[in-house]
Amino acid sequence: MSSSRQLPWVEKYRPKRIVDVVGNEEAKKEYIAWINSWVRGSPSRKAALLYGPPGSGKTSIVHATASEFNWELIEINASDVRSREAIFSRVYPALQTRSVYGHTGKIILIDEVDGVWTKEDVGGLDALIELINTTTYPLVLTANDPWDPKLRDLRDLCKLIEFKKIGKRDIMRVLGDICSKEGITCDRDVLSAIAENAKGDLRAAINDLQSVAMGKDTITLADLQVLGERAAQENMFEVVRIVLTSKTPEGALSVTRLPSLDYEMLIEWLNENIIAQYSPSLRAIADAYDALSLADVNLSRMKRKQMWALLPYVMELITAGVSGVREKPPFKFVKYSFPEKLRLLSRLKTKREKFIQASKRAATLLHVSTSMFRSEILPYIRLIYTYDKDYAMKILSSLGIEDENAKYVLEY
Ligand SMILES: Nc1ncnc2c1ncn2[C@@H]1O[C@H](COP(=O)(O)OP(=O)(O)OP(=O)(O)O)[C@@H](O)[C@H]1O
Ligand SMILES: [Mg+2]
């Protein structure tokens, strides 16, 4: 398998020029007009706010602009505009540096600003507005949801450009292009199913294609099973949102009626995302974790002693309990993250699978059992590896274990 297969395709196929950004013709036209007004030296507005759903090309079009015009792209972390102090200590200095790569200009990108400012640090918002008024470079902000009342002054200042979900046909075309560049044969039905499932999110579609295509030259509809997992995750984002943002206990409890609710999974997801949703209210965070830990105690008691009667309490604690906290902050849009713990477990699982695959292959070649290979032969190869890496690699390669697979076998 070539190493380029390992690179995330969403990075590898990120548009290099504005024309490569597919769909959203209207938005692109407005954006290009705005960029051109900067090129002419008389910007219509100093800043543009690109908003719309995930995976529609907002970040991509800014990257494409920088590479097309040979401008330096200055990407500013949303957290660096949170407070006035951060803007002065981190943003202004970044704008002053001279580019060493012969760029002919600069463009500033502040990605995903929704939800950055809380009531406490409007100072950051004011400082950003000052920055926009004085900038001598085009400044782009992106957001999924720009309608927060707090953002009003900012909105008034920016050229607003709406990005919409990418159409199914466009998604299929991009997926088809990627397949032909990667040398993968893929039916139209398969592309259509992936595109349908992505619901307008091109990033999701490309990621799905890559996970389906992993290690294959031909993809058929049967390969799409792997996608089941992603669909379930997507659902979890919604469940977490309902629990953490519902205004009433009943609202939060409603998720317990979902036929497919995996409550242990929900605990992991809440554990990962409570802080993001409830900060800066320490009271709310503490209350939520109290409910969660009580649920956890009851859950393990329930499993240990087979006391299924405890399940309703567990369910109430992880929904109404986590939701009905004191000093709950007002609703804000938060991008939830996948639980780190589960991510780690799944990474270990892939490692294990690769290890098993490789040892099976070697064992077959050597006419021994896999466990014989692992207990009697592999330890010597590892030992040889510590003294003579090249030699050990040669041995492994004679056993059909090459490149990155060697790493799995040596390290597992
Ligand atoms: N319109 C598009 N044309 C081509 N590729 C796209 C487009 N939209 C998304 N992609 C692909 O999906 C990836 C993610 O897109 P991008 O980062 O631009 O999304 P976004 O709109 O900024 O989403 P988010 O709101 O989640 O930040 C890109 O790297 C690119 O590979
Ligand atoms: Mg983005």
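Residues numbered from 1 in each chain as written. Chains lettered and ligands numbered in written order. Predicted model: local features only at pLDDT ≥ 70, side-chain atom pairs only at ≥ 80, totals over all residues. Heavy atoms only, no water.

Caption draft 1: Region of the structure containing helix α16 (residues 370-387). Under the 1.5 Å per step criterion, the end-to-end length of α16 is 25 Å for 18 residues, consistent within 8% with the ideal 26 Å. For α16, the principal kink sits at Ile377 and spans about 45 degrees; a proline, Pro379, occurs within the next four residues. Taken residue by residue, α16 has Phe373, Leu378 and Ile381 as its buried positions. Buried residues belonging to α16 abut α15 (340-366), α17 (389-398) and α18 (403-411). (Helix = DSSP H or I, 4+ residues; strand = E, 2+ residues; numbered from the N terminus. Expected span 1.5 Å × (residues − 1). Bend = angle between axes of the 7 residues up to and from the residue. Buried < 20%, exposed > 50% of the residue type's maximum accessible area, 1.4 Å probe, protein only. Contact = heavy atoms within 4.5 Å.)

Caption draft 2: Representation of the site of ligand 1. As a matter of local geometry, ligand 1 sits amid 22 residues, with Val10, Gly55, Lys58, Thr59 and Ser60 nearest to it. Val10 is positioned with one of its backbone polar atoms (N or O) 2.6 Å from an oxygen atom of ligand 1. Asn144 is positioned with one of its side-chain polar atoms (N or O) 3.1 Å from an oxygen atom of ligand 1. Among the secondary structure elements, those contributing two or more residues to the shell around ligand 1 are α3 (58-69) and α9 (202-213). The class makeup of the residues in the shell around ligand 1 is ten nonpolar, six polar and six charged. Here the shell around ligand 1 spans two domains, since at least three of its residues come from each of domain 1 (24-162) and domain 2 (167-219). (Near = heavy atom within 4 Å. Polar contact = N/O pair within 3.5 Å; in protein donor to acceptor, adjacent residues only side chain to side chain. Nonpolar A, V, L, I, M, F, W, Y, C, P; charged D, E, K, R; others polar. Domains from an automatic or database assignment.)

Caption draft 3: Local environment of the confidence of the model for the protein. On average, residues of the protein score 88 in pLDDT, and 95% of them reach the 70 mark or higher. The model gives residues 1-5 a pLDDT under 50, and that stretch makes eleven contacts with residues more than four places away or in other chains. (pLDDT = per-residue confidence, 0-100.)

Caption draft 4: Structural detail: the side chain of Thr319. Summarising the element assignment, Thr319 is placed in helix α14 (residues 311-323). For Thr319, a relative accessible area of 0% corresponds to the buried category. When sequence neighbours within four positions are dropped, the list of residues in contact with Thr319 reads Val243, Ala252, Leu253, Val255 and Thr256.

Caption draft 5: Broad picture of the nonpolar core. Of all hydrophobic cores here, the largest spans 33 residues; its most connected members are Leu244, Leu266, Leu270, Ile274, Tyr278, Ile318 and Val322. For this core, the elements supplying multiple residues, two or more each, are α10 (227-245), α12 (263-278), α13 (282-305) and α14. Residue contributions to this core peak at eight residues, all from α13. Excluding residues within four positions of it along the chain, Ile274 makes contact with Leu244, Ser279, Ile285, Ala288, Tyr289, Leu292 and Val322. Formed by 27 residues, the second largest nonpolar core is a distinct cluster that contains Leu49, Val81, Val113 and Leu139. (Core = buried A, V, L, I, M, F, W, Y, C linked by side-chain atoms within 4.5 Å.)

Caption draft 6: Structural context of the domain arrangement of the protein. Here the protein is partitioned into domain 1 (24-162), domain 2 (167-219), domain 3 (231-323) and domain 4 (342-411). Inter-centroid distance (C-alpha atoms) of domain 1 to domain 3 is 37 Å.

Caption draft 7: Molecular detail of the UniProt feature "binding site: ATP" (unreviewed entry) in the protein. In the numbering used here, UniProt assigns the feature "binding site: ATP" (unreviewed entry) to Gly52, Pro53, Pro54, Gly55, Ser56, Gly57, Lys58 and Thr59. With respect to the helices and strands, the residue Gly52 is situated in the loop between β1 (47-51) and α3. Gly52 has contacts with Lys58, Ala143, Asn144 and Phe163, leaving out every residue within four places of it along the chain. Tracing the chain through its elements places Gly55 in the loop between β1 and α3. Judged by relative accessible area, which is 12%, Gly55 ranks as buried. Gly55 has contacts with Ile166, Gly200, Asp201, Leu202 and Arg203, leaving out every residue within four places of it along the chain. (UniProt positions renumbered as here; feature names shortened; annotations may be inferred.)

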